[in-house]
Amino acid sequence: MKYEGKQLVLETGIKKDWIITNGIGGYSSSTILGINTRKYHGLLVAPLNPPGSRHVILSKVDESFESGAEEYPLYSNIGKNYISQGYKHLKSFEKEYVPIFTYEIDGAVIKKFICMDYGKNTVCVFYHIQNNEKRTKLKIAPIIHFRDFHTTTPGAHFNLKQEIKDQKVKIIVNENRQTPIYMHLSEGKYIEHQNDCFGGMYYVEEEKRGQVAEENLAVPGVYEVKLRAGEEKYITFICSLEENIEELDGKTLINKEIIRITSQLYDSYLIDEKRGEDTRYKTYIRDYIIASDNFVVYRPSFALYTLIAGYPWFLDWGRDTLISFEGILLIPRRFQIAKEVLLTCIRDIKYGLVPNGYSGYDNRPLYNSVDASLLLFEQVRKYLEYTHDYELLKEQLYEILKKVIESYIAGIDLDGNNIHLDQEDYLLSSGTPYIQNTWMDAKIGDKVITPRNGKAVEINALWYNSLMIMADWAKLYKEKENASKYLDLAKKCKKSFKEKFYNKKRKSLDDLVGDNKIRPNQLFAIGLYYPILDPASSEAKEAFNTVTKKLLTPYGLKTLAKGEEFYREIYEGDQIKRDMSYHQGITWPWLLGIYADSLQNIIKAEKAKTRKKEMQKQYANFIESVEDTFYKEMYERSSVGSISEIYDSAKPYEAKGTFAQGWSVAEIFRIIINYHKNK
């Protein structure tokens, strides 16, 4: 990905976000112009309780270049009444493994690389300078803070205590002696500043989101590096919460990161020279590996891996983890990590519920999910399909999964989930008018935006699928009584499902028993491994066609059909306005995964050869459209090398929400890669 010329103008450049991560929940992120437009941007955003309690440590570094009698700013910042214009010296921005900014000033060329030390709360800014024919000076001003990344600090004052030893500086911010900040430059001179505050940094994206958009930051000092005429120089700047940073070298860190990710690419076996993939596809796959790697993080307190839901603001969520599981871990053959992620999912199961997440501050498990436990069965099945690791199933998973089924049968009211099996129709019901525990979980105070309490379509599809999978495993372990029990429950559920959910008038499945809104959740009835609705049936085909006509967009599926009450197609405004539209018509890319699975199941079930060929062509055209759409998204639009959480449902389909979302990346590449492997 390379941006230059008109792509670097202010209006478009500030809309393009990049991110790199450190494998424990921390990250480095900004725009391609180096302008921070979000309170979440920062060169070192570090988790103090990995992966949670993220804090902005190093907001940015502002460089200037002295040549002759002139001082040229390389930095760019936005205030309420000004925009500094260092970006006008920016000739290109590149992002493959790490972001690279190239500046040209008065005949000198300065390349700036940003890299994180994997597994550490450490960021490196590496400079390669080819000087002009004058004596010059590079000034590097770190701009720091020590705040929770969800907050902003307008009018803040800073008490900085600095210990300086040559080029190494230890900084204690506002008496926080427990967690000092360390900085080091490989050469040059450090000049300490007293009471230097960067006042009124303005974040335009936060203004759009109705958030506090201004804050003060601290400038502890400036590094100065002198250059001789014609000199070529390499300089490493490090900022860290680790003390021993003196020996770190920028070139070594960058090479180590390139080798780490390249090794993952080779280990994935996703590129095969014998298959003759074109250059575009190979680049696409490489950048999928880079993008997906960002979501794989280690939880030291668990001594296990987990998956971040999305950047910049989400942590790991059980539901998101399990939807992302195949695309992030199984397809690229990260099998050991996949095993650990499954163990993370079952670690704190309570009354049959997989935690939907953990508090970012004290690791307390949160249980507001009816579907996470049911998604677990499907992902364990897929894990076995890829790895044949039946030892894990037998030794650590099977008995727990049996207890999950028994808990759902008996009923679960933990945290008000109100999950119970109706003994008359054998359908699962969950939630209350005040509890959101499906994926459409937007809530403002006590007001539920998309009430889905009762018998939800995808929950019952997942329940049936889980029972059928458990019946298979019970047979494997010769538990005939259990197998018979699971199959009997599945049979009763399936019989009631068609009677209660199929809406002949609307030619679709109701979203809930008693709620006939057209939503994408009905696809789970067709697209799972064991579909509760026969894919060969007219009902399945009609429901799929209704979803295609009313919900499919180039960027995903709308969450509600146009014409329904409360339909919204643009995601904008403050928190309340955004939550009111979140699941009321906005497009979600991850839903293309279950859409593709549904179409494939219908194709497999089709007996007529002519119709089957027509549908296979339809599927090929669909994949081609997805591939082209998201290629442009990753390389030309707002998310540099990743895929956003949501999109407006009207042209030009602007990206919204998080700019790097795990299940978006996972599901888009799952369907693309599986199509190419099977072609």
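Refer to the structure above for everything that follows.
Residues numbered from 1 in each chain as written. Predicted model: local features only at pLDDT ≥ 70, side-chain atom pairs only at ≥ 80, totals over all residues. Heavy atoms only, no water.

Counting its regular elements, the protein contains 16 helices and 36 strands. Its C-alpha atoms give the protein a radius of gyration of 26 Å, near enough to 26 Å, the size a compact globule of 679 residues would have. By its C-alpha atoms, the protein is 85 × 55 × 50 Å across when sized along the principal axes. Here the protein holds 679 residues, and 63% of them are scored as buried. (Helix = DSSP H or I, 4+ residues; strand = E, 2+ residues; numbered from the N terminus. Rg over C-alpha atoms; globule rule 2.2 N^0.38 Å. Buried < 20%, exposed > 50% of the residue type's maximum accessible area, 1.4 Å probe, protein only.)

What follows is about the sheet that holds strand β13 (residues 168–173). As summarised here, the arrangement of the nine strands in space is β1-β7-β8-β9-β10-β19-β14-β13-β12, forming an open sheet in which the pairing is antiparallel. At either end of the open sheet lies a strand with only one pairing partner, and these are β1 (2–4) and β12 (160–165). In this sheet, neighbouring strand axes are inclined to one another by 15° on average, regardless of whether the strands run parallel or antiparallel. Two strands pair when backbone bridges link them, and β13 and strand β14 (residues 181–185) are joined in this way by four bridges, in the antiparallel orientation. Within β14, the residue paired with Val-169 across the bridge is Met-183. Taken strand by strand, helix α3 (residues 250–268) contacts β9 (108–116), β10 (122–130) and β19 (232–240), and its axis lies near 115° from that of β10. (Pairing = 2+ DSSP bridges. Axes fitted to C-alpha atoms, helices over the stretch in contact; angles between N-to-C directions. Contact = heavy atoms within 4.5 Å.)

As a further point, take the packing of aromatic side chains. Considering all chains together, one arrives at 41 aromatic pairs under this definition. Residues Tyr-284 and Tyr-635 carry aromatic rings whose centres are separated by 6.5 Å and whose planes lie at 55° to one another, so their mutual orientation is tilted. Taken together, the residues span a long stretch of sequence, with Tyr-284 in helix α4 (residues 279–293) and Tyr-635 in helix α15 (residues 609–635) at a distance of 351 residues. For Tyr-635, a relative accessible area of 11% puts it in the buried group. The cationic tip of Arg-260 hangs over the ring face of Tyr-118; the distance from NZ or CZ to the ring centre is 3.6 Å. Sitting over the face of the ring of Tyr-631, Arg-280 holds its NZ or CZ atom 4.3 Å from the ring centroid. (Phe/Tyr/Trp six-rings, centres within 6.5 Å; stacked < 30°, edge-to-face > 60°. Lys NZ or Arg CZ within 6 Å of the ring centre and 35° of its normal.)

So, on to the packing of α15 against helix α16 (residues 662–678). At a closest axis distance of 10 Å, the pairing of α15 and α16 adopts a crossing angle of 130°. Taken together, α15 and α16 sit at an angle that is classed as oblique. The element α15 and its partner α16 pack so that their crossing is left-handed. Within the contact between the two elements, α15 uses Tyr-619, Ala-620, Phe-622, Ile-623, Val-626, Glu-627, Phe-630 and Met-634 and α16 uses Ile-668, Phe-669, Ile-671, Ile-672, Tyr-675 and His-676. (Parallel < 35°, antiparallel > 145°, perpendicular 65-115°, else oblique. Left-handed = near helix turned anticlockwise from the far one by under 90°.)

Turning to the environment of Thr-252, a few remarks are in order. Structurally, Thr-252 is set in helix α3. You can call Thr-252 partly exposed: its relative accessible area is 49%. Separated by 149 residues in sequence, Thr-252 and Tyr-103 place their C-alpha atoms 22 Å apart.

Another aspect to go through is the packing of helix α8 (residues 390–410) against helix α10 (residues 480–501). Where α8 meets α10, the axes come as close as 13 Å, and the angle between the chain directions of the two elements is 45°. In this view, α8 runs oblique relative to α10, as classed from their interaxial angle. Note that α8 runs across α10; the crossing there is left-handed. In contact with Lys-402, Ile-405, Glu-406 and Ile-409 of α8, α10 contributes Asn-482, Lys-485, Tyr-486 and Leu-489. A breakdown of the residues in the contact of α8 with α10 according to their chemical character gives four nonpolar, one polar and three charged. (Nonpolar A, V, L, I, M, F, W, Y, C, P; charged D, E, K, R; others polar.)

This part covers the nonpolar core. Counting residues in each nonpolar core, the largest one holds 225 residues, and the members touching the most others are Tyr-127, Phe-237, Tyr-408, Trp-463 and Trp-473. Of the residues forming this core, the biggest block, 13 residues, is contributed by helix α9 (residues 457–476). With sequence-adjacent residues up to four places away left out, Phe-237 is seen in contact with Leu-58, Val-61, Val-123, Cys-124, Val-125, Tyr-127, Pro-142, Met-183, His-184, Leu-185 and Tyr-223. Formed by eight residues, the second largest nonpolar core is a distinct cluster that contains Met-201, Tyr-203, Leu-217 and Val-222. (Core = buried A, V, L, I, M, F, W, Y, C linked by side-chain atoms within 4.5 Å.)

Its location among the elements puts Asn-521 in the loop between β30 (508–509) and α11 (524–527). With relative accessibility at 0%, the residue Asn-521 sits in the buried group. Only 2.8 Å separates the side chain of Asn-521 from the side chain of Asp-511, close enough to count as a polar contact. Ignoring sequence-local partners within four residues, the contact set of Asn-521 consists of Trp-439, Met-440, Arg-452, Val-457, Glu-458 and Asp-511. (Polar contact = N/O pair within 3.5 Å; in protein donor to acceptor, adjacent residues only side chain to side chain.)

A word on the pattern of salt bridges. Summed over the entire model, instances satisfying the criterion amount to 54 salt bridges. Note that Arg-209 is salt-bridged to Glu-206, the shortest N-O span being 2.7 Å. For the pair formed by Arg-209 and Glu-206, the shared burial category is buried. Here Arg-452 ties to Glu-458 by a salt bridge, and the two come within 2.7 Å at their closest N and O atoms. An identical accessibility class is assigned to Arg-452 and Glu-458; each is buried. Each member of the salt-bridge network shares a partner with another, and the members are Glu-326, Lys-382, Asp-597, Glu-667 and Arg-670. (Salt bridge = Lys/Arg side-chain N within 4 Å of Asp/Glu carboxyl O.)

Turning our attention to the pairing of β12. Relative to β13, β12 is paired through six bridges, and the arrangement is antiparallel. Bridged to Lys-161 within β13 is Ile-172. What sits between the antiparallel neighbours β12 and β13 is a turn of two residues, in which Asp-166 has the positive phi angle 55°.

A few words now on the state of the cysteines. Summed over all chains, the structure comprises zero disulfides. Between Cys-115, a cysteine without a disulfide, and Cys-124, which holds the nearest cysteine sulfur, the sulfur-to-sulfur distance is 6.2 Å. (Disulfide = S-S within 2.5 Å.)

A word on the environment of Gln-396. Here Gln-396 lies in helix α8. When the C-alpha atoms of Gln-396 and Leu-342 are compared, they prove to be 10.0 Å apart, with 54 residues separating the residues in sequence. If near-sequence neighbours (up to four positions away) are discounted, Gln-396 is found in contact with Leu-343, Ile-346 and Glu-391.

The step from Pro-50 to Pro-51 runs through a cis peptide bond, and the omega angle for that step is 0°. With respect to the helices and strands, Pro-51 occurs in the loop between β4 (42–49) and β5 (52–67). Pro-652 follows Lys-651 through a cis peptide bond whose omega is 10°. Tracing the backbone through its elements, the reader meets Pro-652 in the loop between β34 (646–647) and β35 (655–656). A positive phi angle, near 50°, is found at Tyr-351, a position not held by glycine. Its location among the elements puts Tyr-351 in the loop between α6 (335–347) and β23 (357–358).

This part takes up the side chain of Ser-537. Mapped onto the secondary structure, Ser-537 falls in the loop between α11 and α12 (538–551). The class for Ser-537 is buried, based on a relative accessible area of 12%. From its side chain, Ser-537 meets the backbone oxygen of Asp-534 in a polar contact 2.6 Å long. At a separation of 3.1 Å, a polar atom in the side chain of Ser-537 contacts the main-chain amide nitrogen of Ala-540.

Structural measurements only, silent on function.
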